[in-house]
Amino acid sequence: MQPSLEQLAITYKNLPADKLIRLAVTDAAGLRPEALELLKAEIKGRGLDDGILRGIDVQLNHIDDSQLNNYLALVRNQACPTCGDQSQQLNAVLSTTVISAIIFTHYKKAFSIGCPTCLKRANQKATLKTALLGWWGLPWGIIRTPQALISNTKTNKRINTGEPTPILVDFIKNNIGIIESIKNNDQSLQVMLTNLNNKQHYNK
């Protein structure tokens, strides 16, 4: 049973600012119209940044190729969150690392966004670690290791093309509300990109 509008209004009023903003810029598309209006009213009532309202609206509309390219350009022209270089356009990749020790195997995919130089360095590090430490687990080490090495080879080729990778395009589409809400604040964009590089995905 859905909460009443009165209950929603109370919930939004009691949410800390960070959680209210996160709801607005990441989950607006999943809210019913009446809930969206209440959310917008709460944001306006608190005097929060207008970018948050734009972040809501962009999630509700179809993004055409021209708009997508504008968001891609915005992100790609930021300074590299790893080395600070601004002379190369940013890109994003998933680099795979496998580490094994007899009875266990860790299979890790790490998302990285940065300049081509830093992405190649991260991918090479994952490849070297996998080549040295991936084989020594049964049975998954000898299965996962070649998979990771092949994946990292393909990743390196994508970096070399200079074109935005499918991973970057998906990132833009999945975070369109967040990007829209902070697009006029380079410092906030840099914080977002830096935090992304600290997130890694593990599979056994």
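In this text, all values refer to a predicted model and were calculated from it rather than measured experimentally. (Residues numbered from 1 in each chain as written. Predicted model: local features only at pLDDT ≥ 70, side-chain atom pairs only at ≥ 80, totals over all residues. Heavy atoms only, no water.)

Caption draft 1: Structural detail: the packing of helix α5 (residues 65-76) against helix α8 (residues 166-174). Axis separation between α5 and α8 bottoms out at 10 Å; the angle between their running directions is 105°. With respect to their mutual orientation, α5 and α8 come out roughly perpendicular. Across the interface between the two elements, Leu68, Tyr71, Leu72, Val75 and Arg76 of α5 pack against Leu168, Val169, Ile172 and Lys173 of α8. Considered class by class, the residues forming the contact of α5 with α8 number 7 nonpolar, no polar and 2 charged. (Axes fitted to C-alpha atoms, helices over the stretch in contact; angles between N-to-C directions. Helix = DSSP H or I, 4+ residues; strand = E, 2+ residues; numbered from the N terminus. Parallel < 35°, antiparallel > 145°, perpendicular 65-115°, else oblique. Contact = heavy atoms within 4.5 Å. Nonpolar A, V, L, I, M, F, W, Y, C, P; charged D, E, K, R; others polar.)

Caption draft 2: Main features of the environment of Gly84. Counting through the fold element by element, Gly84 comes out in the loop between α5 and β1 (91-101). Overall, Gly84 belongs to the partly exposed group, its relative accessible area being 42%. Sequence separation between Gly84 and Lys40 is 44 residues; the distance between their C-alpha atoms is 36 Å. (Buried < 20%, exposed > 50% of the residue type's maximum accessible area, 1.4 Å probe, protein only.)

Caption draft 3: Main features of the side chain of Thr97. When you line up the elements, Thr97 lands in strand β1. For Thr97, a relative accessible area of 7% puts it in the buried group.

Caption draft 4: Inspection of the nonpolar core at higher detail. One finds Ile113, Phe171 and Ile172 to be the most contacted residues of the largest nonpolar core, which totals 23 residues. Among the secondary structure elements, those contributing two or more residues to this core are α5, β2 (104-114), α8, α9 (176-182) and α10 (186-196). Residues in contact with Ile172, not counting those within four places in the same chain, are Leu68, Tyr71, Leu72, Val75 and Ile179. By size, the runner-up hydrophobic cluster in this structure holds 14 residues, among which are Ala24, Val25, Ile43 and Leu53. (Core = buried A, V, L, I, M, F, W, Y, C linked by side-chain atoms within 4.5 Å.)

Caption draft 5: Structural context of the pattern of salt bridges. Throughout the structure, instances matching the rule amount to 5 salt bridges. Here Lys40 makes a salt bridge to Asp57, at a shortest N to O gap of 3.0 Å. Remark: Asp57 occurs in helix α4 (residues 50-60) and Lys40 occurs in helix α3 (residues 33-45); sequence separation between them is 17 residues. Look at Asp57 and you get partly exposed, because its relative accessible area is 33%. (Salt bridge = Lys/Arg side-chain N within 4 Å of Asp/Glu carboxyl O.)

Caption draft 6: Representation of the pairing of β2 in the model. Counting buried positions along β2 yields 8 of 11 residues, so the element is predominantly enclosed. Where β1 meets β2, 11 bridges bridge the pair, whose relative direction is antiparallel. Across the sheet, the residue bridging to Ala92 is Ile113, located in β2. (Pairing = 2+ DSSP bridges.)

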